[in-house]
Amino acid sequence: MRFWLSIMAVPELDQMIALAQHAESCGFHGVTYADHLIMPASIKTPYPYTESGEIFWPMDAPWPDPWITLTLLGAETRELRLATNIYLAALRDPFTVARAVATASAYTSGRVICGVSAGWLKEEYDAAGVDFKSRGRRLDEILAICRRLWVGETVSHDGEFFRFDAVLLRPLPPGPVPIWVGGKSAPALRRAAANDGWLGLPATVDDTIAIVQHLQALRTEMGLPASGFSPVISLIEPLLESSEERLAGHGINDMVVIPWMPTPWEMESYVAEGSDISQLSVKKDAISRFADRVIHRRH
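Student: What is the right way to read the packing of aromatic side chains from this model?
Tutor: The description of two aromatic rings rests on the distance between their centres and on the angle between their planes. Within the structure shown, the criterion is met by nine aromatic pairs. Relative to Phe290, the ring of Phe3 has its centre 5.3 Å away and its plane inclined at 80°; by these criteria the two rings are edge-to-face. With Phe3 in strand E1 (residues 2–6) and Phe290 in helix H9 (residues 280–295), this residue pair connects regions lying 287 residues apart in the sequence. Taken as a pair, Phe3 and Phe290 share a single burial class, namely buried.

Student: Looking at this structure, I do not really get the pairing of strand E9 (residues 230–233). What am I missing?
Tutor: In the case of a regular strand, side chains alternate between the two sheet surfaces. By the alternation rule, side chains of E9 split into Ser230 and Val232 and Pro231 and Ile233, which are all buried. Summarising the sheet, strand E8 (residues 197–199) and E9 pair through three bridges and their orientation is parallel. Bridge pairing in E9 links Trp198 to Pro231. One crossover worth recording links E9 to the parallel strand E10 (residues 254–257) by way of helix H8 (residues 241–249), and it is right-handed.

Student: Help me out: how do you make sense of the environment of Leu139 in this one?
Tutor: Inspection of the secondary structure puts Leu139 in helix H5 (residues 135–150). Judged by its relative accessible area of 0%, Leu139 falls in the buried class. Sequence separation between Leu139 and Arg81 is 58 residues, and the spatial gap between their C-alpha atoms is 24 Å.

Student: Sorry if this is basic, but what is going on with the packing of helix H3 (residues 94–107) against H5 here?
Tutor: Where H3 contacts H5, the axes come no closer than 9 Å and their chain directions differ by 45°. The orientation of H3 relative to H5 falls into the category oblique. Where H3 crosses over H5, the two elements pack in a sense that is right-handed. Facing Pro94, Phe95, Val97, Ala98, Val101 and Ala102 of H3, the residues of H5 in contact are Ile142, Ile145, Cys146, Leu149 and Trp150.

Student: Sorry if this is basic, but what is going on with the environment of Trp150 here?
Tutor: With respect to the helices and strands, Trp150 occurs in helix H5. The sequence separation of Trp150 and Thr103 amounts to 47 residues, and the corresponding C-alpha distance is 10 Å. Contact partners of Trp150, with chain neighbours within four places excluded, come to Ala98, Val101, Ala102, Cys114, Leu169, Leu172, Pro173, Val177 and Ile179.

Student: Explain the sheet that holds E1 to me, please; I cannot follow it from the model alone.
Tutor: Around the barrel, which closes on itself, the eight strands sit in the order E1-E2-E3-E4-E7-E8-E9-E10 with parallel pairing between neighbours. Ignoring which end each strand starts from, the neighbouring axes of this sheet average 25° apart. Relative to E8, strand E7 (residues 179–182) runs parallel, the two sharing three bridges. Note on E8: the bridge partner recorded for Gly182 is Leu199.

Student: Can you walk me through the side chain of Ser105 in this structure?
Tutor: Within the fold, Ser105 resides in helix H3. Relative accessible area serves as the criterion here: at 1%, Ser105 is assigned to the buried category. Once residues lying within four places of it in the same chain are set aside, the contact partners of Ser105 are Gly110, Val112, Pro173, Pro174 and Val177.

Student: What should I look at first to understand the pairing of E1 in this one?
Tutor: With respect to burial, E1 is a largely interior element, four of its five residues being buried. For E1 and E10, the ladder comprises four bridges, and the chain directions are parallel. Looking at the pairing, Phe3 lines up with Met255 of E10. Two strands pair when backbone bridges link them, and E1 and strand E2 (residues 30–33) are joined in this way by three bridges, in the parallel orientation. If you follow Leu5 over to E2, its bridge partner there is Val31. Crossover handedness for the path E1 to helix H1 (residues 16–25) to E2: right-handed.

Student: Would you explain the state of the cysteines in this entry?
Tutor: Under the criterion given, the structure shown has zero disulfides. For the unlinked cysteine Cys146, the closest cysteine sulfur is that of Cys114, found at 7.0 Å. The exposure class assigned to Cys146 is buried, which follows from its relative accessible area of 0%.

What counts, and where the lines are drawn
- Residues numbered from 1 in each chain as written.
- Predicted model: local features only at pLDDT ≥ 70, side-chain atom pairs only at ≥ 80, totals over all residues.
- Heavy atoms only, no water.
- Phe/Tyr/Trp six-rings, centres within 6.5 Å; stacked < 30°, edge-to-face > 60°.
- Helix = DSSP H or I, 4+ residues; strand = E, 2+ residues; numbered from the N terminus.
- Buried < 20%, exposed > 50% of the residue type's maximum accessible area, 1.4 Å probe, protein only.
- Pairing = 2+ DSSP bridges.
- Right-handed = clockwise from strand over helix to strand, strands pointing away.
- Axes fitted to C-alpha atoms, helices over the stretch in contact; angles between N-to-C directions.
- Parallel < 35°, antiparallel > 145°, perpendicular 65-115°, else oblique.
- Left-handed = near helix turned anticlockwise from the far one by under 90°.
- Contact = heavy atoms within 4.5 Å.
- Disulfide = S-S within 2.5 Å.

Shown next, in the form of C-alpha cells:
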C-alpha cells in the first residue's frame, strides 16, 4: 500500500513544507491538497459526506491555490508525488486549468496528479457565476481540452461551453498527467472509470472493494484496460494487514490519511489526548506514529 498524506484545511501555512518533508522521510508516497476557489460566508448546501451535513473543517481554514501550494512542496521534496484531492476545475476555464497543472508538473519533474471533482457547494458556483447543474458536463469538456493541450497539440474546439480556434499551451508537462476523479454518484464514478483513477470517499473495506469492482466493470464496458487505473481510498476502519491484502487483490494500492486530524470517520487516533494539533510537533509526531504502526509494520 502506498500512503498519501492529506494536508487539507491546515491553518498553519508556515508548517506545510515541514509536514511534506517529514512525510517523505517517514515513507509516505505522496501528499494531497484540496481546493475551494472561494468559501461562501453562509452555506445552506448540506455537506454530502457526513450524516449531519456539517463540514468537519473550520470555516476560517485557508484555501491557498492548490497548484502553487503543490509546486512549493515539490520544490522542497525529492520524490514525493503531489495530487489535488480535489481540484474544482469546473469553476475555471480550460486554459487556466491546463496552464496551472502543466506549470506545476514542469517545476516538479512530472510529479503532479490532477485530482478533480464536480463539487458539492452550490453557493461557491453561484458566487463564481458558473451554472451548478451543468458542472459535470462542463468538467468533462474541460478535461478533454486539457488532455489535448498537455501533449502539445494545436487545439481548436467547438463545444457546449467553450469555443476557440488554434491555440497552443506552453510550458508542457514533462510527461502524461494522470487525472483522478472523486465522488461516488453515478456520473462521478463513470467519469472516474473513463480517466486514470478514483479518489475514494471514506468507506469500509467491503464497500470500497465493491465500488472498485463496479469501476472496473465500467472500464470493461468502455473498452479500457484494468491496468493503469489507480483507486485511491480512505477508510472508516483501521487498516489491518489482512485488509491490506484483500485490497491489493483488487488492485487497490493507494490510501489517503490525515493522522493528526479528528474527522467524522476516524477509528484510530495517532495523537495523544489533549494535544494541540495546531503545533507542528504534534502533527509530525502523528505522522511518525502512523508510519511506525502502519507503513513500516511489514518490515
